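Fold and geometry: a report
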Amino acid sequence: MAKEDSHIGITAEQVARISEHGMWDADGSVRPEAVRMAATLVDAVRARSAQGRVPDELGDVVERALNMVVPTFHRVPGANGVGLSAHMLQQITTRPCPLVVIPAGWTPVGWPLFEYAYLTLALKGYHVVAYTPRGIGWTTFPGTNKPWIGTSEGTVDVAGPLDREDGRKVLDFAIEALAPSRVAFFGESYGSGISQLVAAEDDRVDAVVALSTWGNLATSLYDNGTRHTRTVAALLDLTGGDRADKFDADTLEILTRFEEGGDMDPVVEWGEERSPENYVGGAGPVPTFFCNTWHEGLFPPNQMLRTFQKLTGPKHLSMWIGDHAVPEGPGLIAPSLTPNVALREAYAWLDHYLMDEDNGVDTWPEVTNQVMFTYVTTPAGDNGDHVIIEPARREQKRSWSAVTTDTETLILTGAHGSGDGALLPEATADTTGWRRSFSVGKEPEIVAMDAILSTGQREWEGNPKPYRVDEIDRGHALVWSTEPFASSRRIRGIPRVRLGIDSTESAATVIAYLLDVDADGVGRMITHEPMTVSSGLPATPVWEMQAAAYDISPGHRLMVVVDSKDPHYSTDNILDATITVGSFDGAACFVEIPLG
């Protein structure tokens, strides 16, 4: 962008691309059209005119909102006097109106990214105060010398004590300026965690909407002895600057410890302090709405589910196909080509608990799960892609504990004639006392996702990644599968796996993948999870895979693949080490499938 004002203006085609393909570019950065959209809308609101800047439909939203609210832009003093970039839309009325406070997500765009959402909320009758958490944002708008309005001062606290105090100070500012009737915190990603944390400590918050959220930051980044290295790398790339400028010395030390591995106790302690799970109910029950995805690349679902189950007030969870911010993200940024159901439900939550709207929210079951890949698609173009013509099925359950109604245990065997092992419904002579080995290769034989965020976006659009299971090199990974099922299997909940693990080295990392394989040998990822045993080999750990809602059709097989590395995670393996998986000391290996 060569000109200082070259970000002004957006076309209908660019808006459509945001709606169709989401907020993430292929490299995990924010899509350029989304940045352009944000800058354009903010410019239109500041100028009090959308004329010549946006398509007519979008211009109508801006003009109608400006007839209802007064927009202002602020530097709100946060903890230690740090200036937080903030934006307020104040309803033009003398009657009390509810307030929605929106901490921005973890992107360099800061609060401007969701200007369309603020206008949408304003049209519904809400005061809105959006702000960027400390340290987040660009110094200048990319390609220009123009300071970026959405950037806050200070260093990133990663939802620590300063961020929590900042949230309360923004709320102080908003209440003094607006005298609202009720208050909600509404956040996506980083902003959702901050929203939960502030609500847990401040009884002035009447409701929370937490989209693409986390419950435990420690286990989001490090679990089963395995570091989620790609998650941290992706987050570091989205702060808007060099890490030496964005983080203080203590946080830089935590990042170094994380990257080096070794003693992870200080990292875990740091993450636990920033985990909403550990503050649930501190200020009393708060009606809370969660929205997440099954193949979430930044905050895997199990840790969030534990937090959701601890909530004691009215609550709802919607689980969707895709990855981080894929279901709701486009609708926060721009008008949707089709109704954005995730956001429609989030707004209904606010309408009920802040405006007393009798919209049925209080009768919703606690959980609504979209069943993976049950959409109907049709081919689109010559590149093998598909488009969705019927949406995936959604199921309602009274609680998360009601999602799983039964379990099926499949026991792993030694190698059969094909060289693979079998998954059997009951123990036989070859389900104990066996060992199978493979060597650690240079590259993984299978990966959970080709690219964080964008693989899930493809799933959302009707194009889940195909895995050719006959191309897996059995010298560098191990495979077990069932016979083709005569009837369907409804996987619902959290699978568990138990494997005997040994290595020629002192530590071992394995990743267990669960695939649905059709008659042509093409697999789809159901779920996965790594495990690292850093000492005490051989060992027989039991661990949970990530939650799933998935239907296996008759004639398909269930397959377990065990590999030694995945680019999403750290590994304690070294090249050419031999890893052995087996039934040690007579203990059977199994995968426990939740059914519902």
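First things first, this report covers the structure right here in the doc. (Residues numbered from 1 in each chain as written. Predicted model: local features only at pLDDT ≥ 70, side-chain atom pairs only at ≥ 80, totals over all residues. Heavy atoms only, no water.)

**Notes on helix H3 (residues 56-66)**
- Within H3 the residues assigned to the buried category are Leu 58, Gly 59, Val 61, Val 62, Ala 65 and Leu 66. Mapping the buried residues of H3 onto a view down its axis gives an arc of 155 degrees, with all of them on the same face. Turned more than 90 degrees off the buried face of H3, the exposed positions are Asp 56 and Glu 57. (Buried < 20%, exposed > 50% of the residue type's maximum accessible area, 1.4 Å probe, protein only. Helix = DSSP H or I, 4+ residues; strand = E, 2+ residues; numbered from the N terminus. Arc of directions from axis to C-beta.)

**Considering the environment of Gly 586**
- Residue position: Gly 586 is located in the loop between strand S28 (578-582) and strand S29 (590-595).
- The exposure class assigned to Gly 586 is exposed, which follows from its relative accessible area of 51%.
- Sequence-wise, Gly 586 and Met 319 are 267 residues apart; in three dimensions their C-alpha atoms are separated by 39 Å.

**Section: the side chain of Thr 288**
- Inspection of the secondary structure assignment puts Thr 288 in strand S9 (residues 288-293).
- Other than its neighbours up to four places away in sequence, Thr 288 contacts Val 208, Leu 311, Pro 314, Lys 315, His 316 and Trp 349. (Contact = heavy atoms within 4.5 Å.)

**Quick look at a nonpolar patch on the surface**
- A cluster of nonpolar side chains, contributed by Val 376, Val 387 and Ile 389, occupies part of the molecular surface with about 220 Å² of accessible area.
- Take Val 376: it is sitting in strand S12 (residues 376-379). (Patch = residues over 30% accessible without salt bridge, like charges linked within 9 Å, V, L, I, M, F, W, Y side chains within 5 Å. Areas by Shrake-Rupley, 256 points an atom, 1.4 Å probe, with all protein chains shown as cover. Salt bridge = Lys/Arg side-chain N within 4 Å of Asp/Glu carboxyl O.)

**Some points on the packing of aromatic side chains**
- Within the structure shown, the criterion is met by 16 aromatic pairs.
- Relative to Trp 148, the ring of Phe 141 lies with its centre 4.9 Å away and its plane at 35 degrees, an arrangement referred to as tilted.
- Classification of Phe 141 as buried rests on a relative accessible area of 1%.
- By way of ring pairs, the aromatic residues Phe 289, Trp 349, Tyr 353 and Trp 364 are connected into one cluster.
- Between the NZ or CZ atom of Arg 46 and the centre of the ring of Phe 73, over which it lies, the distance is 5.4 Å.
- Cation over ring: Lys 465 sits above Tyr 467, and NZ or CZ is 5.0 Å from the ring centre. (Phe/Tyr/Trp six-rings, centres within 6.5 Å; stacked < 30°, edge-to-face > 60°. Lys NZ or Arg CZ within 6 Å of the ring centre and 35° of its normal.)

**Some thoughts on the packing of helix H2 (residues 32-47) against H3**
- As a packed pair, H2 and H3 sit with axes 10 Å apart at the nearest point and diverge in direction by 40 degrees. Regarding the angle of H2 to H3, the classification is oblique. By crossing handedness, the relation of H2 to H3 is classed as right-handed. The residues of H3 that touch H2, namely those facing Met 37, Leu 41, Ala 44 and Val 45, are Leu 58, Val 62 and Leu 66.
- Residues of the contact of H2 with H3, tallied by class, amount to 7 nonpolar, no polar and no charged. (Axes fitted to C-alpha atoms, helices over the stretch in contact; angles between N-to-C directions. Parallel < 35°, antiparallel > 145°, perpendicular 65-115°, else oblique. Left-handed = near helix turned anticlockwise from the far one by under 90°. Nonpolar A, V, L, I, M, F, W, Y, C, P; charged D, E, K, R; others polar.)

**Remarks on the environment of His 127**
- Inspection of the secondary structure assignment puts His 127 in strand S4 (residues 127-131).
- By relative accessible area, which is 3% here, His 127 ends up buried.
- In contact with His 127, other than residues within four places in its own chain, are Leu 89, Gln 90, Gln 91, Cys 97, Pro 98, Leu 99, Val 100 and Leu 178.

**What about the sheet that holds strand S22 (residues 500-503)?**
- What the 3 strands build is an open sheet, ordered S17-S28-S22; its pairing is antiparallel. Two strands close off the open sheet at either side, each with one partner strand: strand S17 (435-439) and S22. Between one strand axis and the next, the sheet turns by 25 degrees as a mean value, whatever way the strands run.
- Strand direction decides the pairing type here: S17 and S28, joined by 5 bridges, are antiparallel. Residue pairing across strands places Arg 435 opposite Gly 582, the latter belonging to S28. (Pairing = 2+ DSSP bridges.)

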